[in-house]
Amino acid sequence: LSETTQSSGWSIAIHGGAGVISRSALKPDQEAAYRQALAAALETGAAVLRNDGSALNAVEAAVRALEDDPLFNAGRGSVFTAEGRIEMDAAIMDGATLKAGAVAGLTRSAHPISVARAVMDKTEHVMLSGFGAEIFAEINDLESVEPETLFTENRWDALERTLKKRHLPIPPRPHAFAAAKSELVHDEGKHGTVGAVARDRAGNLAAATSTGGVTGKRFGRVGDSPIIGAGAYAANAACAVSATGDGEYFIRLGVARDIAALFEYRGLDVQAAADLVIKEKLTALGGSGGVICVAPNGQVAWSFNSEGMYRASAAEWREPVVSIYGDEA
Ligand code: ASP
């Protein structure tokens, strides 16, 4: 993705996960469904920025749209733990103030990103986990729902496949799923995290990431997505980053902050910084995944070492771009 920028305008990028996403793996109607969903979430975030809204509000709005969509592994459509439950993680960061909020292990939130936002806005903490996070969400009226409303047949199938492959016992199937199986979900059983980065007209940056984690994970496992500096980071003096991929590797490399540091201290542009960390460091360590980034001048970049990544970007000065495969812009 190469682009010229206009440093006074807004820009935004979103992702819906990286992984084994090749032209042969997606049927035409699946591909169309993903492109449509990405375009719609992108527009949700872009509309905020177009109306002089903040980057923070834009990334939250875009991620909420992706959390609502069962095509993606966040909110409704989150993947299952080995015990057959869901545990969602999310983080949001404000580049202007370096304030951040994160949640881990939510089991009943329709929009984990908004719980993370409330942790940032309403507490003196950065991260809440598990039961404490859930009580916090309930007290603040943040759309706590019955966990079953977030379950989907596709993710249950993926769990069964994963556990069978690992010769692990299959937990009893929870009853009363809200959604029937969708032929449109492309489920390789792994990735699908969602995220957004944005720059608003005032020049502020923000990042947000939300996920159900990885299929068949141990209960209590926390990935990179809610870890500030690993799965999400934003600083006006550097750049904003949202990640997706093998969480353990992203944590070990401190991927999001590492990209920001290369930008800040070594003067790499945001594309070069992202490529160095993803294509060289992450690849060398054996991890797979990708990132989206936005720089203070509005330049958007993405980088991934997997076959594909669901992604899209828009800016005040150009037409939106929606891409899936590795050979696209
Ligand atoms: N990074 C996420 C996690 O490890 C998963 C993903 O992005 O696919 O929780």
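See the structure printed just above.
Residues numbered from 1 in each chain as written. Predicted model: local features only at pLDDT ≥ 70, side-chain atom pairs only at ≥ 80, totals over all residues. Heavy atoms only, no water.

Visitor: It is not clear to me how the packing of helix α3 (residues 112-122) against helix α4 (residues 130-139) should be interpreted in this structure. Could you clarify?
Guide: A packed helix pair is summarised by two numbers, namely the angle formed by the two axes and the spacing between the axes. For the pair α3 and α4, interaxial distance at closest approach is 10 Å and the crossing angle is 85°. Judged by the angle between their axes, α3 and α4 are roughly perpendicular. Residues Val115, Ala118, Val119 and Lys122 of α3 form the contact with α4, whose participating residues are Ala133, Phe136 and Ala137. (Axes fitted to C-alpha atoms, helices over the stretch in contact; angles between N-to-C directions. Helix = DSSP H or I, 4+ residues; strand = E, 2+ residues; numbered from the N terminus. Parallel < 35°, antiparallel > 145°, perpendicular 65-115°, else oblique. Contact = heavy atoms within 4.5 Å.)

Visitor: Where do I start with the pattern of salt bridges in this structure?
Guide: Side chains that differ in sign of charge can pair as their charged atoms come close. Considering all chains together, one arrives at 15 salt bridges under this definition. As a salt-bridge pair, Glu328 and Arg35 come within 3.1 Å of each other at their nearest N and O atoms. Linking Glu328 in the segment after β12 (318-325) with Arg35 in helix α1 (residues 28-50), this pair joins segments that are 293 residues apart in sequence. Its relative accessible area of 21% is what places Arg35 among the partly exposed residues. For the salt bridge of Asp52 with Arg201, the shortest nitrogen-to-oxygen distance reads 2.9 Å. Of this pair, Asp52 sits in the loop between α1 and α2 (55-68) while Arg201 sits in the loop between β5 (194-199) and β6 (205-211); the two residues are 149 residues apart in sequence, bridging distant segments of the chain. Owing to a relative accessible area of 30%, Arg201 belongs among the partly exposed residues under this scheme. Among the ionic contacts, a cluster of salt bridges with common partners joins Glu31, Arg35 and Glu328. (Salt bridge = Lys/Arg side-chain N within 4 Å of Asp/Glu carboxyl O. Buried < 20%, exposed > 50% of the residue type's maximum accessible area, 1.4 Å probe, protein only.)

Visitor: How should the site of the ligand be read in this particular structure?
Guide: His191, Gly192, Thr193, Thr211, Gly213, Arg221, Gly223, Asp224, Ser225, Thr244, Gly245 and Gly247 make up every residue found near the ligand. Within the side chain of Thr244, one N or O atom sits 2.6 Å away from an oxygen atom of the ligand. Between the ligand and Gly247 there is a distance of 3.1 Å, counted from an oxygen atom to a backbone nitrogen or oxygen. Residues belonging to the shell around the ligand are distributed by class as follows: no nonpolar, 10 polar and two charged. (Near = heavy atom within 4 Å. Polar contact = N/O pair within 3.5 Å; in protein donor to acceptor, adjacent residues only side chain to side chain. Nonpolar A, V, L, I, M, F, W, Y, C, P; charged D, E, K, R; others polar.)

Visitor: Looking at this structure, I do not really get the nonpolar core. What am I missing?
Guide: Ranked by size, the top nonpolar core spans 58 residues in total, and within it Ile12, Ile14, Phe72, Ile92, Val103 and Tyr310 carry the most contacts. With eight residues, α1 is the single largest residue contributor to this core. In contact with Val103, not counting residues within four places along its chain, are Met88, Asp89, Ala90, Pro112, Val115, Ala116, Val119, Met127, Leu128, Ala133 and Pro226. (Core = buried A, V, L, I, M, F, W, Y, C linked by side-chain atoms within 4.5 Å.)

Visitor: It is not clear to me how the sheet that holds strand β7 (residues 232-234) should be interpreted in this structure. Could you clarify?
Guide: By definition, the strands of a sheet pair up through backbone hydrogen bonds, in either a parallel or an antiparallel sense. In space, the four strands of this open sheet follow the order β7-β8-β9-β10, with antiparallel pairing throughout. Each of the sheet's edge strands pairs with one partner strand only, and the pair in question is β7 and β10 (300-304). Neighbour to neighbour, the strand axes of the sheet diverge by 10° on average, direction disregarded. Here β7 pairs with strand β8 (residues 240-245) via three bridges, running antiparallel. Across the sheet, residue Ala232 finds its bridge partner in β8, namely Ser242. Against the sheet, helix α7 (residues 255-266) makes contact with β7, β8 and β9 (289-294), and its axis sits at roughly 30° relative to β7, the strand it touches most. Helix-sheet contacts for helix α8 (residues 270-285) involve β9 and β10, and the interaxial angle to β10 is about 10°. (Pairing = 2+ DSSP bridges.)

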